[in-house]
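Structural overview
What follows is the residue order along each chain.
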Amino acid sequence: MGNTCANSVSASALRYDLHTHSIRSDGTLTPADLVTRAHAAGIGVLALTDHDVTDGIGEALFTANQLGMSLIAGVEISVTWHGHTVHIVGLNIDTTHVLLQQGLARLRAFREWRAVEIGRRLQKKRIDKAYEGARRLAQGEIVGRMHFARFLMDQGYVRGHQQAFRQFLARGKPGYVPAQWAELSEAVTWIRSAGGRAVVAHPGRYTMKPGELREFFDTFQECGGEAIEVISGSHTAEANRHYALLAQERGFLASVGSDFHGPEKTWMTLGRLPALPDGCIPVWREWECSGLRTEDSALSPQS
Ligand code: AMP
Ligand code: MN
Ligand code: MN
Ligand code: MN
């Protein structure tokens, strides 16, 4: 296959960011504001990948369409694998797919139970009404630990959200509730049956031992997972290089994502990611030829 396609969106010249959040999960911008900011930052193709929810996609598509940029429908699915929480991004998904939406609904129901439980555990540390506070900050259906972190900051219990995680919300801390998210095979199946590509999010962030991480990638590949984030806003330059090599060795497609949550967070900015190293096959290569799923469906702000 050559690199020219009849209905190409001349994507090779575009800047990609395929991992971002809005207020529909734990980001701070509306989907419309996120897209507007990404456009201003020079991004040509943006994926909205909220945690366990796709509610923001309609609004994001509407704004992207108005601005003439491409919006990829995405999601970041919470997975428990061998006791570790890992995140699997789904890209270019059909958000109306029933199996995917049933799976995400189950994860949101667990999230809601967990949020109440986090509130209960913080109450034991004499922190009042944390669930109510986090719920209020959330604005959408998803209540995550980030909302608890913001609540703890607003109330003066901690100075920053990193401290909130270190002191209260990380594994082993008083507000931590062990999670049972989706199985790895389920998450990949939901994404693939909705027509999307499954991508391991920010692989450099996991704390698994090297052998365990290898086993994780093996299982992900056996389940039908095809891509990893080689470039991540939460990676060091060394991690970017490491995962570029790993993608090439294992035959993974390579993705690029900032994991932007809002302008308040300084280490994950929009539009500043390095390019994919030579030798990596971009996860979007096929979209350049077959057209983006989103182009013919960016009609209404709702859906
Ligand atoms: P949840 O899915 O609700 O358990 O929350 C996970 C989210 O919390 C991640 O997507 C990050 O946005 C945020 N997060 C997790 N750990 C940390 C940390 N140590 N510091 C800051 N944010 C974190
Ligand atoms: Mn998050
Ligand atoms: Mn993540
Ligand atoms: Mn994320």
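Scoring rules and cut-offs
Residues numbered from 1 in each chain as written. Chains lettered and ligands numbered in written order. Predicted model: local features only at pLDDT ≥ 70, side-chain atom pairs only at ≥ 80, totals over all residues. Heavy atoms only, no water. Buried < 20%, exposed > 50% of the residue type's maximum accessible area, 1.4 Å probe, protein only. Helix = DSSP H or I, 4+ residues; strand = E, 2+ residues; numbered from the N terminus. Arc of directions from axis to C-beta. Contact = heavy atoms within 4.5 Å. Near = heavy atom within 4 Å. Polar contact = N/O pair within 3.5 Å; in protein donor to acceptor, adjacent residues only side chain to side chain. Areas by Shrake-Rupley, 256 points an atom, 1.4 Å probe, with all protein chains shown as cover. Donors = N, O, S within 2.8 Å, 3.2 Å for Na, K, Ca; no water.

**Side note on helix H1 (residues 31–40)**
Considered for burial, the residues of H1 that qualify are Pro31, Ala32, Leu34, Val35 and Ala38. Within H1, the buried residues cover an arc of 165 degrees as seen down the axis, which keeps them to one side. Contacts made by the buried residues of H1 are with strand S2 (45–48), helix H2 (57–67) and strand S3 (70–81). In the segment just after H1, Gly42 is the residue with positive phi, at about 90 degrees.

**Describing the site of ligand 1**
As a structural note, the neighbourhood of ligand 1 is formed by Asp26, His51, Arg111, Arg114, Gly144, Arg145, Met146, His161, Gln162, Phe165 and His261. In the model, an oxygen atom of ligand 1 is placed 2.6 Å from a nitrogen or oxygen of the Arg114 side chain. In the model, a nitrogen atom of ligand 1 is placed 2.9 Å from a nitrogen or oxygen of the Gln162 side chain. The fraction of the free accessible surface of ligand 1 (500 Å²) that becomes covered by protein chains is 83%. Only helix H3 (98–123), helix H5 (145–154) and helix H6 (161–169) provide two or more residues apiece to the shell around ligand 1.

**Overview of the coordination of the manganese ion (ligand 3)**
Coordination sphere of the manganese ion (ligand 3), protein contribution only: Glu76 (OE), His87 (ND1) and His202 (NE2), at 2.1 to 2.2 Å. Between consecutive donor residues of the manganese ion (ligand 3), the sequence gaps follow E-x10-H-x114-H. Here the manganese ion (ligand 2) and the manganese ion (ligand 3) are spaced 5.6 Å from one another. Here Glu76, found in strand S3, pairs with His87, found in strand S4 (residues 84–91); they are 11 residues apart in sequence, far enough to count as distant. When its relative accessible area of 1% is taken as the criterion, Glu76 is described as buried.

**Things to note about the side chain of Asp52**
As for its placement among the helices and strands, Asp52 is situated in the loop between S2 and H2. Of note is the side chain of Asp52, whose polar atom sits 3.0 Å from the side chain of Arg111. Contact partners of Asp52, with chain neighbours within four places excluded, come to Val75, Glu76, Ile77, Ser78, Leu104, Leu107, Arg108, Arg111, Ile142 and Trp181.

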